[in-house]
Amino acid sequence: MKPIAFLGLGACVVATDGTLVIGLLPQIADSLHVSPSAAGQAVTVFAAVYAIGSPLLVEAVRRARPERVLIRALALFVGANAMTAVAPSLPFLLVARVLAAACAGVFMPVAALVAARTVAPERQARALAVVVGGASAATAIGVPLGTLAGGAFGWRTAFYAIAFMTALVVSGLWITLEFGELVKSESVMRLRRTEVLLTLATTLVWAAGSFTFFTYIALVLHKTAAIHTSGLALYLLLFGLAGVAGAAASGWVTDTKGAFAALSLALATVAVALAILGAIAAFGGAHSRALSAVAVAIYGMGTWAVTPPQQKRLVGPGDRGFLLSLNASALYGGVALGSALGGVLLSGTEGIATLCFVGAALEVGALVIAGLDRAIGGRLEPRGSPS
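Criteria and thresholds
Residues numbered from 1 in each chain as written. Predicted model: local features only at pLDDT ≥ 70, side-chain atom pairs only at ≥ 80, totals over all residues. Heavy atoms only, no water. Phe/Tyr/Trp six-rings, centres within 6.5 Å; stacked < 30°, edge-to-face > 60°. Helix = DSSP H or I, 4+ residues; strand = E, 2+ residues; numbered from the N terminus. Buried < 20%, exposed > 50% of the residue type's maximum accessible area, 1.4 Å probe, protein only. Salt bridge = Lys/Arg side-chain N within 4 Å of Asp/Glu carboxyl O. 1 Å grid on protein atoms, 1.4 Å probe; cavity = no way out; pocket = protein on both sides within 12 Å on 5 of 7 lines; lining within 4 Å. Points joined across faces, edges and corners; volume = space filled by probe spheres on them. Nonpolar A, V, L, I, M, F, W, Y, C, P; charged D, E, K, R; others polar. Expected span 1.5 Å × (residues − 1). Contact = heavy atoms within 4.5 Å. Core = buried A, V, L, I, M, F, W, Y, C linked by side-chain atoms within 4.5 Å.

A.B. asks: What is the right way to read the packing of aromatic side chains from this model?
C.D. replies: We describe a pair of aromatic rings using the distance from one ring centre to the other and the angle between the two ring planes. According to the stated counting rule, one finds 9 aromatic pairs in the structure shown. Residues Phe211 and Phe214 carry aromatic rings whose centres are separated by 5.7 Å and whose planes lie at 80° to one another, so their mutual orientation is edge-to-face. With Phe211 and Phe214 both in helix H8 (residues 193-214) and 3 residues apart, the pair spans about one turn of that helix. Ring plane angle 25° and centroid distance 5.6 Å describe the contact between Phe239 and Tyr299, whose orientation is recorded as stacked. In this pair, Phe239 is assigned in helix H10 (residues 229-257) and Tyr299 in helix H12 (residues 288-304), connecting sequence segments 60 residues apart. Residues Phe239 and Tyr299 agree in their burial class; the two are buried. In textbook terms, an aromatic cluster arises when at least three aromatic residues are bridged by ring pairs, as seen for Phe211, Phe213, Phe214, Phe239, Tyr299 and Trp304.

A.B. asks: Is there a simple way to explain the pattern of salt bridges in this structure?
C.D. replies: Pairing of side chains with opposite charge becomes possible as their charged atoms draw close. Applying the stated criterion to the full structure yields 4 salt bridges. Across the salt bridge formed by Arg97 and Asp17, the nearest N and O atoms sit 2.8 Å from each other. In this pair, Arg97 sits in helix H5 (residues 90-117) while Asp17 sits in helix H1 (residues 3-32), placing the two residues 80 residues apart along the sequence. Side by side, Arg97 and Asp17 carry an identical accessibility label, which is buried. A single network of salt bridges, built from pairs that share partners, joins Arg126, Asp255 and Lys312.

A.B. asks: Explain the layout of surface pockets to me, please; I cannot follow it from the model alone.
C.D. replies: In this approach, a probe sized like a water molecule rolls over the atoms, and the result shows the empty space that is left. Within this model, the second largest pocket holds a volume of roughly 230 Å³. Surrounding the second largest pocket, 14 residues form its lining, Thr16, Gly142, Leu145, Ile162 and Met165 being those nearest its centre. Secondary-structure elements contributing two or more residues to the lining of the second largest pocket are H1, helix H6 (124-153) and helix H7 (155-179). Of the residues contributing to the lining of the second largest pocket, the split by class is 11 nonpolar, 3 polar and no charged.

A.B. asks: Honestly, helix H4 (residues 66-86) in this entry has me stumped. Any pointers?
C.D. replies: Every α-helix carries 3.6 residues per turn, so stepping three or four residues along brings you back to the same face. Its 21 residues place the ends of H4 31 Å apart at the C-alpha level, agreeing with the 30 Å of an ideal helix rising 1.5 Å per residue. Buried within H4 are the following residues: Pro66, Glu67, Val69, Leu70, Ile71, Ala73, Leu74, Phe77, Ala80, Asn81, Thr84 and Ala85.

A.B. asks: In this structure, what is going on with the environment of Pro3? I would like to understand it.
C.D. replies: The residue Pro3 is located in helix H1 in this model. Judged by its relative accessible area of 10%, Pro3 falls in the buried class. Excluding residues that lie within four positions of it along the chain, Pro3 makes contacts with Thr118, Leu173, Thr176 and Leu177.

A.B. asks: What exactly am I supposed to notice about the nonpolar core here?
C.D. replies: If you look at soluble globular proteins, the nonpolar side chains tend to sit buried side by side. Ranked by internal contacts, the top residues of the largest apolar core, which has 83 residues, are Leu7, Ile28, Leu70, Phe107, Leu173 and Phe213. Ranked by the residues each element gives to this core, the list is headed by H5, at 14 residues. Among all residues touching Leu7, those that are not within four sequence positions of it are Leu70, Phe107, Ala111, Val114, Ala115, Val131 and Leu173. Counting 12 residues, the second largest nonpolar core, distinct from the first, contains Leu198, Leu263, Ala266 and Val306.

Encoded structure:
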C-alpha cells in the first residue's frame, strides 16, 4: 500500500482532532466542572500553538529525515489524545491540547512535503491534494462521527478513538515509509523572498475572507435557508464532500495547467459563492434554501481547492517543510482575522449580507495578490533549475 493513503488518513484524523472539541464542548465543561467558555480555551490554545509553533518546530527538526519526523510527531499525537481522554481537570486538558497542537503543527506541513516526495514532480499537486482532501473529509465524516460517538459513549471515548486511529496510521506509515521507496526528485524551483511573501499573503487574505463567513455559517444559513442545528449538519456534510472533490480537481489542474490557473479558479469560485449567499441574504427568493445549498457546495469546492496549488508553489529543493509550515501559520492567521472581522461586522449595524459581501471582496483581494505575484515575475509554477 502506498504511503500517500496513510498520509491522507492521518490528515483526516489530525484535522478531526483539531475541531472535535467544539462539538463536545458542553460535555467537556460539565465533566470538568467548568463553564463552556472556560472549556473553550482548549480550542483557543490549540489554534494559537498550531499557528505560532508550527514553523518554529519544523525549523527545529529540519535536519532530521522528514519521514521520521512525521512518524514521531504522530506517535506523540497518540499520547496527547490519550492525555486528553483521561484529563481530570481543565489545566491538564489544556496541557494535552498544547501537545496535540504542537504535533499537528509538525505533521500537516511535513505530511505535505513527504506526499510530494512519493511521486514524480508532474504529479506532486495531486499527491498534495490527497492530504488536503483528508483534512476536508474530517469536516464531512470525522467530526460528525466523533461528535456522535462522544454523545453516545462520552467525550473521552471520542478522544480514545482518535488515539487508536492515529496509532493505526503510525503503523501504516512506518511500514510504507521505512520499507518502501520514495521518489527522490524535487521541484526545480527557485523562490525569491518577494515570491514567498506574496504567496503567504495570498493564503492569509484568502483565509480571512473565507472565515469571515465560515465562522458564522450557522447564522448565515439561518438567514438564507431558515435552517437550525439539525439542518446545519447536512450543509456541513455537503461542504466537506464538495471539499474533497475540489481538492482532487485542484490537484489535477495544478499538475496539468499550472498552479496559477488552479489558484485563480479556486479564489474566483469562493468569491462567487460568497456573493451568491450575500445576494440571497439581501434579497431572499423562492428557492433560497436550494440556492444556499448550491452556494455552500461551490464554496466548499473552491476553498479546499486553494491549498494544493499554494503548497505546490512552496515545495522547493532543500526545503524540509519550513515554508509549508509558514503557509499553515498564514492560514491560521487568516482564520483569526476573518473570525474577528466577522464578529465586528455582526456586532455593528451591518447584517449577514454585508458579512458575505466583505468575504467575497477579500477573496478578490487574494486573487489580485496572486496576480501581482505572477505579474512581477514570480510565476506560480516550477521554473529554472536548482542552484
